[in-house]
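# Analysis of the macromolecular model
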Amino acid sequence: MRASIPAGLGHKEAELYSRLDPARFPRHIAIIMDGNGRWAKRRHLPRIAGHRSGVFAVRNTVQCASRIGLPALTLYAFSVENWLRRPKSETSFLMGLLRRYLKIEMSAFQENNVRVQFIGRWRELPQEVQDRMDWAIAETAHNTGLILTFAINYGGRSEIVDAVKAIVNKSRSNGAHFEIDEEKIDQNLYTSHLPELDLLIRTSGEMRLSNFLLWQAAYSEIYVTESLWPDFSGVKLLEAIAEFQKRERRFGGIETVPHSTVHTA
Ligand code: FPP
């Protein structure tokens, strides 16, 4: 069966969408947005020009994701390591860019029914950035479409450490005997509000997870594109979904599991 084309897609997006199988849509896509610096360097521009252009790619990708009815999109914006390994001037620029982005984008979030969330140790960020993030969460809390989650000051290993700490603390406070199993860790990860991760996309050709969604990516399909992040778009997102639909998902077994039966939530 062919999908009916959602309103608002561009010509090329609509063409790609029309070739997709609606029964095999991913429910949760995450993206490692990489290559802003290289994009700028190729143009003899400062690195921050790459980040600024990266915002246009975020906008275009989010718009397409919400129009095609994707339930969840998670974007890796800043890792824990980004803080330590980049010049202070660049991290400050990125913080300012995030604040401006959230403000400017609010009307599009409302128009497209997008709910904004954040994962990571973002409570360690400067207060004015946290305030804007709290504001974006509150303003979009009633929206029921795409859950757009930004990973900010995020690390996959620290997420697992935080989940285990949360389990231990909760158990201590109610004095109960406790066991740690996969389900309990799942429930205490930052991503407990999201469907299983189906597809992990990385731009700029690197074959690494870079400490992103380590637990959640256990059975995800991975798609690496040579495109640098500022060149990514809704069209490229749909190309990645088309590739996802060609893959056979086995979840450790020997038989292919139909895409539509893999989720319990
Ligand atoms: C990786 O490129 C990108 C980042 C560390 C920052 C991500 C930021 C954006 C996509 C733009 C702003 C986003 C929001 C949500 C406001 P890199 O600098 O590591 O590139 P390189 O590997 O080529 O040096």
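Just so it is clear, the model here is predicted, and its values are computed rather than measured.

What counts, and where the lines are drawn
Residues numbered from 1 in each chain as written. Predicted model: local features only at pLDDT ≥ 70, side-chain atom pairs only at ≥ 80, totals over all residues. Heavy atoms only, no water. Helix = DSSP H or I, 4+ residues; strand = E, 2+ residues; numbered from the N terminus. Rg over C-alpha atoms; globule rule 2.2 N^0.38 Å. Buried < 20%, exposed > 50% of the residue type's maximum accessible area, 1.4 Å probe, protein only. Contact = heavy atoms within 4.5 Å. Areas by Shrake-Rupley, 256 points an atom, 1.4 Å probe, with all protein chains shown as cover. Lys, Arg positive; Asp, Glu negative; His and termini not counted. Charge placed at Lys NZ, Arg CZ, Asp CG, Glu CD. Salt bridge = Lys/Arg side-chain N within 4 Å of Asp/Glu carboxyl O. Pairing = 2+ DSSP bridges. Axes fitted to C-alpha atoms, helices over the stretch in contact; angles between N-to-C directions. Expected span 1.5 Å × (residues − 1).

### Details of the overall build of the protein chain
The helix and strand inventory of the protein chain stands at nine helices and six strands. The C-alpha atoms of the protein chain give 19 Å as radius of gyration, which agrees with the globular expectation for 265 residues (18 Å, within 12%). Principal-axis analysis of the C-alpha atoms gives the protein chain an extent of 60 × 50 × 35 Å. Each of the 265 residues in the protein chain was classed as buried or not, and the buried ones make up 50%. When contacts within the protein chain are restricted to residue pairs at least 6 apart in sequence, those whose partners lie at least 24 apart make up 74%. About 13,400 Å² of surface is accessible on the protein chain, with carbon and sulfur atoms providing 52% of the total. Side chains of the protein chain carry 35 positive and 30 negative charges; the gap between the two charge centres is 6 Å.

### Some points on the pattern of salt bridges
For side chains of opposite charge, pairing can occur when their charged atoms come near one another. Using the criterion set out here, one finds 13 salt bridges in the structure. We note a salt bridge from Arg38 to Asp34, for which the minimum N-O separation is 3.2 Å. A relative accessible area of 32% means that Arg38 is categorised as partly exposed. A network of salt bridges, in which partner residues are shared, links Asp34, Arg38, Arg202, Glu206 and Arg208.

### Focus: the side chain of His51
Position of His51 among the secondary structure elements: in helix 3 (residues 47-67). Judged by its relative accessible area of 6%, His51 falls in the buried class. Dropping the residues within four chain positions of it, His51 is found in contact with Asn36, Arg86, Glu90, Phe93, Leu94 and Leu97.

### Focus on the sheet that holds strand 6 (residues 221-224)
If you walk across this open sheet you meet the six strands as 3-4-2-1-5-6, and the pairing is parallel. At either end of the open sheet lies a strand with only one pairing partner, and these are strand 3 (115-119) and strand 6. Here the average twist between neighbouring strands, direction ignored, is 20°. As paired elements, strand 2 (residues 72-79) and strand 4 (residues 147-154) share seven bridges and run parallel to each other. Bridging across to strand 4, Thr74 finds its partner in Thr149. Along the sheet, helix 5 (residues 88-111) makes contact with strand 2, strand 3 and strand 4, crossing strand 4 at roughly 170°. Against the sheet, helix 9 (residues 234-246) makes contact with strand 1 (28-32), strand 5 (199-202) and strand 6, and its axis sits at roughly 130° relative to strand 5, the strand it touches most.

### Observations concerning helix 3
The first and last C-alpha atoms of helix 3 sit 31 Å apart over 21 residues, in line with the 30 Å expected at 1.5 Å per residue. Trailing helix 3 by a residue or two, Gly69 shows a phi angle of about 80°, which is positive.

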